[in-house]
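Coordinate analysis (summary)
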Amino acid sequence: MTRNHKIILSIAAAIAVIAIAYYSFFSETNGSAESKTEAPAETTPGTVTAQQLKALGIETAVAVNAGAVPLGTVPAIVSLPPEARVAVTAPFEGAIIRMYVVEGQAVARGTPLALIKVRETLQVGADLARARAHLGLARANANRLNQLAREGIIAEARADEANAALRSAQVTVSENQKILSQAGAGSGGQMTLRAPIDGRVSAVNVQTGGPVDTMTAPFVIDNTSSYTLDIQLPERLAKSVSPGMPVEVNIAQAGGTETPIPNGGTIISVSPTLDPMTRSVMAKASIGAAPGMVAGKSVMVTITGNGQQTGVSVPAKAIAHIGDNDYVFVLTGNRFAKRQVALAAQAGESAVINSGLKVGEKVATSGIAELKVMLGGD
């Protein structure tokens, strides 16, 4: 190796040593500076640990398939169907002798309502007695003339006349009997007014000793086996509701200590006209009787869709109302996120969401106020 080669190798080695030293010094200096200026990592908003969940009392529930999704919950008034109210009238004028029922009393078909003194029944009874006497005479005469006609003693025309008189007498007796029977009257001048249907006495318009005429109904009876719901549909639901859709009403019990009783029915009509004042459409639904269901009661009706809608059900307490919108707090992993949802209906302890949430996702059902603060809710 020449002298020049040795010098070059020595210089290269020195440069390498200097480079290594410089790199080591720079790395140590830079690392020290970074360690002094680096800020601690921030926790992602909404992230909670198991200990925090327990401390805040936050519980969760899983969203499940709601099946047939309600279109919404709307107000309604309970009323009676047109055929449910029956006015009980007297066929004859008279005076009340005795009252058997009071307003609000439940009655069965045929239950006596009042005993009435009626003058016309005396006349009808007398007509019936005379008709029966004529019937006996006409029957005897017809039997005799028929026998003579068969023996050829008289012409058959006379027997035919006798038979016609017999039939006329029979009709007269039958008519008078029907009048007294349908009126609940006897030949003694008294008539019993009876309930024509099962139901409840909703009005009593007479009193003992008072007059009764054929133009005024002394009693009104309501058939309480079924009711009608007069539903006020908002404009946004009017086009979605059609006859045949099921409805449900939860009737609160006396004292509010028992679970409300659900009562189902069906939409029977939807008005084609929009009320310009309320911007709503009137609909009617038929619904059965239930404890606590009375005419004039205000209720909330949940209308179920036709099965073409999809949605999920969560506990009602999971819904947070922030401003004009509805939200839920969805747990993914260990992080909660505030998510806006479209609430379809809320009845009892359950709420149905049309959009914004999927089946299987977990939502907070308690600690809602704390989560609002954590995630900047209003």
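Residues numbered from 1 in each chain as written. Predicted model: local features only at pLDDT ≥ 70, side-chain atom pairs only at ≥ 80, totals over all residues. Heavy atoms only, no water.

1. Quick word on the overall build of the chain
- Scanning the chain from terminus to terminus reveals 6 helices and 22 strands.
- Here the chain, with 378 residues, has 34% of them falling under the buried criterion.
- The contacts of the chain with a sequence gap of at least 6 include a subset with a gap of at least 24, amounting to 74%. (Helix = DSSP H or I, 4+ residues; strand = E, 2+ residues; numbered from the N terminus. Buried < 20%, exposed > 50% of the residue type's maximum accessible area, 1.4 Å probe, protein only. Contact = heavy atoms within 4.5 Å.)

2. A few points about the environment of Val78
- Structurally, Val78 can be placed in strand S3 (residues 70-79).
- What makes Val78 buried here is its relative accessible area of 1%.

3. Considerations on the side chain of Ser79
- Locating Ser79 in the fold gives a position in strand S3.
- Judged by relative accessible area, which is 17%, Ser79 ranks as buried.
- Among the polar contacts listed, one links the side chain of Ser79 to the side chain of Asp230, at a separation of 3.1 Å. (Polar contact = N/O pair within 3.5 Å; in protein donor to acceptor, adjacent residues only side chain to side chain.)

4. Focus: the sheet that holds strand S16 (residues 298-304)
- Spatial strand order, S3-S12-S15-S14-S13-S16: 6 strands in a closed barrel with antiparallel pairing. Strand-to-strand twist in this sheet, taken as the mean axis angle between neighbours without regard to direction, amounts to 40 degrees.
- Two strands pair when backbone bridges link them, and S3 and strand S12 (residues 226-234) are joined in this way by 4 bridges, in the antiparallel orientation. In the sheet register, Ala76 faces S12, and the bridge partner there is Ile231. (Pairing = 2+ DSSP bridges. Axes fitted to C-alpha atoms, helices over the stretch in contact; angles between N-to-C directions.)

5. Here's the deal with the environment of Glu349
- Looking at where Glu349 falls in the secondary structure, it is placed in the loop between strand S20 (335-347) and strand S21 (350-355).
- Separated by 32 residues in sequence, Glu349 and Lys317 place their C-alpha atoms 7.5 Å apart.
- If we skip the residues at most four places from it in the chain, Glu349 touches Val314, Pro315 and Ala316.

6. Digging into the confidence of the model for the chain
- Looking at the chain, pLDDT values average 78 and 78% of them are 70 or higher.
- Throughout residues 13-44 the model reports pLDDT below 50, and contacts reaching past four residues in sequence, or to other chains, amount to 1 contact. (pLDDT = per-residue confidence, 0-100.)

7. Some words on the packing of aromatic side chains
- According to the stated counting rule, one finds 0 aromatic pairs in the structure shown.
- If you follow Lys338 out to its NZ or CZ, it ends over the ring of Tyr327, 5.2 Å from the centre. (Phe/Tyr/Trp six-rings, centres within 6.5 Å; stacked < 30°, edge-to-face > 60°. Lys NZ or Arg CZ within 6 Å of the ring centre and 35° of its normal.)

8. Overview of the sheet that holds strand S9 (residues 199-204)
- Within the open sheet, the 4 strands sit side by side as S4-S11-S9-S6. Their pairing is antiparallel. Of all the strands in the sheet, just strand S4 (85-88) and strand S6 (106-107) have a single pairing partner and so form its edges.
- Across 4 bridges, S4 lies against strand S11 (residues 219-222) in antiparallel orientation. Its bridge partner being in S11, Val88 is matched across the sheet by Phe219.

9. Describing the pattern of salt bridges
- Evaluation of the coordinates by the stated rule reveals 4 salt bridges.
- Arg85 is the salt-bridge partner of Asp222, the closest N and O atoms lying 2.7 Å from each other. One end of the pair, Asp222, is in strand S11; the other, Arg85, is in strand S4, and 137 residues separate them in sequence.
- A salt bridge links Asp230 to Lys284; the nearest nitrogen and oxygen atoms lie 2.4 Å apart. (Salt bridge = Lys/Arg side-chain N within 4 Å of Asp/Glu carboxyl O.)

10. Describing the nonpolar core
- Counting residues in each nonpolar core, the largest one holds 34 residues, and the members touching the most others are Leu113, Ile116, Phe219 and Ile221.
- For this core, the secondary structure elements donating two or more residues are strand S7 (112-118), helix H3 (120-151), helix H4 (156-183), strand S8 (190-194) and S11.
- In this structure, Leu71, Leu233, Ile267 and Ile287 belong to the second largest nonpolar core, which totals 26 residues. (Core = buried A, V, L, I, M, F, W, Y, C linked by side-chain atoms within 4.5 Å.)

11. Structural notes on the pairing of S7
- Counting buried residues along S7, 5 of its 7 residues qualify, which places the element largely inside the surrounding structure.
- Two strands pair when backbone bridges link them, and S7 and S8 are joined in this way by 5 bridges, in the antiparallel orientation. Bridging across to S8, Ile116 finds its partner in Met191.

12. Brief notes about the side chain of Ser313
- Relative to the elements of secondary structure, Ser313 occurs in strand S17 (residues 312-315).
- Leaving out residues up to four positions away in the same chain, Ser313 has contacts with Val62, Ala63, Val64, Ala66, Ser350, Ala351 and Val352.

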